Amino acid sequence: MMKAMRGRIAPGKHFVQNSMEAFCSVSRKARRFLLHERTLVSIAAVRLNSREMKPSIRALALCIGFTTNILAQSPTPAPSPLQPPADYDLHWGVKILMRDKVELNATVYLPKTPEGSLSKTPVIFTLTPYISDTYHARAAYFASHGYAFALVDVRSRGNSGGEFEPFANEPRDGHDIVEWFAKQPFCDGKVAMWGGSYAGFDQWATAKEFPSHLATIVPVAAARPPLDYPSYNNVGETYDVQWFTLTSGRAGQEHLFADQKFWRTKFLDAYKKHVPFKDLDSFVGNSSKNFQRILKHPTADAYYDAIVPSAEQYKKITLPVLTITGQYDGDELGALTFYRDHMANISPETRAKHFLIIGPWDHAGTRTPTDEVAGVKFGPGAILDLNDLHRQWYDWTMKAGPKPPFLKSQVAYYLLAPGNSGANGEWKYADDFAALVANPKTFYFASKDGDANGAFRSGTLTESRSTTGADKFSYDPLDTHRGEFVEGVEPKEKTAAIDQTFALSIGGDGLVYHTDPLSNETPLIGCPAVTLWVSIDTPDVDLECDLYEIQPDGISIALWTDLRRLRYHESLREAKFVQPSQIAKCDFNPGLFIARRVMKGSRLRLVVTAVNSILWQKNYCSGGVVAEETAKDARTCHVQIYHDAEHASAIQLPLR
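A. Quick look at the overall build of the protein chain. When its secondary structure is counted, the protein chain shows 18 helices and 31 strands. Out of the 656 residues belonging to the protein chain, those deemed buried represent 65%. In the form shown here, the protein chain has an accessible surface area of approximately 21400 Å², with 51% of it arising from carbon and sulfur atoms.

Here is the structure:
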């Protein structure tokens, strides 16, 4: 749904055939870098390439997302056909009655039989806010390969009745749709789901209601509200307004949604004028009931608890599951959170039925892979035919077919090659994800005379623990130079993940740390995490950490990003403010996965700063309701990051 790639690339959550799948998660791992330039593609390009898209790294990574010699071990690496096959029958305008008498609209594609008789097959459906027609080619593909496939519009979108309240109705509606299809004359009693982003979320939402005929789910790039959308770790996203405009009314708003320069211009204007976040929808020109609704739920609460599985519900989800995400997927956080929560609450027998694929891809690439995103090259092995892999999975779980040969172990991940040519990337396998990411190495912060304020006067990351020291930077909420001169209105979707503008702009407003050059080529496989020991002189501040590989030739590769609102340093569910005399521990540990061979001679760079972006809700540091703050509430925050004997700020790096 959601975002494209997180991070400094572009926030994105979307578009095309399933672009919308991109829904956007805006992304975080898009990655934040990706986040910064939410990647949008023109409608024409989208239709031409038949690609789903989500804007940014977060957007790129909430849009970005890693293979060699893959022919022998996976589905044929070929993209989805530009022209969908024609051997299927169509039933348009099918009405499905929900328990509260609301009718949802479906377009049903049925396999064509030689004699024209009605054959009973499993039914696969997607439940989408992006208008059914955007998934036509997908539906045609599966109907031409022996499955009834249905595109169902969520409430108040397309020709469905009711009111669209994002996420809220999908659990019950998903259940009712499954049971309705199971009773149809063309269904053999088995029902499955397909889709990514929003349509990845609603697979988990449906599964937690335990419809008796649900045979399997394949949640792809699944957004996990409210963790990664409509906020990220409780930090609001300006992308929300863009997405709520896309999903306003009954028709698609693809052209408006895709006008990236318009959105960036509006977000920059609001940022410079210090428009309160709560007024962003009206400022843009589309007062949104849904946007105002989410502002009433700034943290995980009962409202969100009702739409995602509880621990007890996870225990009862015993059907086969195939989770798919990407290293630059803006909803990687959501996808992996669903995966981890399920695996933590089920029996060994059920764990054996849950498979995980982490490609190198961005958000859109989790459905239509590409060999490059935002300047990072993956190589030809990244181009899997995921339609074919889905088909093989459905054949195995619902038709007693063979296990997909690509799924050699429980976890498949793409190990990016050293450098940035894309050559020699390869798929790797593991039996257990927790074991794969265990035992990272600790690198501690250090600096000379407390000076780490810039890429050319940086501190260090070392395996030797520092015994003294602290580094300082300042955040002035009224300072708009980053939004104006670092981000701006021009997108950088083709280079966002290799662009160093942000890191090189850091001065007194942030900190930079480097490792020594690596003496050998070294795999980086796992989930980085940062622990900051921090003090501030204001009630609150938003902080971010960004990790890069700096190769011997100076090329920068965005790897990982995370952000935190300091009032939630102990719990995302409850605020606990840091007192002026307090040194608090703040963990940046989203569990986002990296798999790359780091070049010999490369250094790893960590940037620590305050969030100050056109893409994020601005924290004015007053300690009030952030969505209501304006310039009059602004307080300059002086931040100290400690690396002494008692307060060892550090990063966990999964160097192998």
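Anyway, onward from the coordinates.
B. A look at empty space enclosed by the protein. Considering only enclosed or pocket space, the largest cavity measures out at about 170 Å³ in volume. Of the residues in the lining of the largest cavity, the class split is eleven nonpolar, four polar and two charged.

C. Quick look at the sheet that holds strand 13 (residues 321–326). Read across the sheet, four strands follow the order 13-14-17-18 without closing on themselves; strand pairing throughout is mixed. The open sheet has two free edges, formed respectively by strand 13 and strand 18 (426–430), since each of these has just one partner strand. Taken pair by pair, the neighbouring strands of this sheet meet at an average axis angle of 20 degrees, ignoring direction. With five bridges joining them, strand 17 (residues 411–415) and strand 18 adopt antiparallel strand pairing.

D. The sheet that holds strand 10 (residues 214–216), seen in detail. One open sheet accounts for six strands, arranged 5-6-8-7-9-10; its pairing is mixed. Of all strands in the sheet, those with a lone pairing partner are strand 5 (88–97) and strand 10, marking the two edges. With direction set aside, neighbouring strand axes in the sheet form an average angle of 30 degrees.

E. Seen up close, the pattern of salt bridges. This structure, assessed with the given rule, holds 26 salt bridges. Note that Arg 293 is salt-bridged to Glu 163, the shortest N-O span being 3.5 Å. Taken as a pair, Arg 293 in helix 10 (residues 289–295) and Glu 163 in the loop between strand 8 (148–153) and helix 4 (170–182) lie far apart in primary sequence, 130 residues in all. Exposure remark for Arg 293: the relative accessible area of 15% places this residue in the buried category. Accessibility expressed as a relative area gives 41% for Glu 163, which makes it partly exposed. Measuring nitrogen to oxygen at the nearest pair gives 2.7 Å for the salt bridge that ties Lys 261 to Glu 490. In this pair, Lys 261 sits in helix 8 (residues 260–273) while Glu 490 sits in the loop between helix 17 (481–487) and helix 18 (501–505), placing the two residues 229 residues apart along the sequence. Given a relative accessible area of 44%, Glu 490 falls into the partly exposed group. Beyond isolated ion pairs, a larger network of salt bridges with shared partners links Glu 163, Glu 165, Lys 289 and Arg 293.

F. Summary view of the nonpolar core. Counting 161 residues, the largest nonpolar core has Phe 125, Val 152, Phe 181, Ile 357 and Tyr 394 as its most contacted members. Discounting residues that sit within four places of it in the chain, Phe 125 has contacts with Ala 150, Val 152, Gly 174, Ile 177, Val 178, Phe 181, Val 191, Ala 192, Met 193 and Trp 194.

Conventions adopted
Residues numbered from 1 in each chain as written. Predicted model: local features only at pLDDT ≥ 70, side-chain atom pairs only at ≥ 80, totals over all residues. Heavy atoms only, no water. Helix = DSSP H or I, 4+ residues; strand = E, 2+ residues; numbered from the N terminus. Buried < 20%, exposed > 50% of the residue type's maximum accessible area, 1.4 Å probe, protein only. Areas by Shrake-Rupley, 256 points an atom, 1.4 Å probe, with all protein chains shown as cover. 1 Å grid on protein atoms, 1.4 Å probe; cavity = no way out; pocket = protein on both sides within 12 Å on 5 of 7 lines; lining within 4 Å. Points joined across faces, edges and corners; volume = space filled by probe spheres on them. Nonpolar A, V, L, I, M, F, W, Y, C, P; charged D, E, K, R; others polar. Pairing = 2+ DSSP bridges. Axes fitted to C-alpha atoms, helices over the stretch in contact; angles between N-to-C directions. Salt bridge = Lys/Arg side-chain N within 4 Å of Asp/Glu carboxyl O. Core = buried A, V, L, I, M, F, W, Y, C linked by side-chain atoms within 4.5 Å. Contact = heavy atoms within 4.5 Å.

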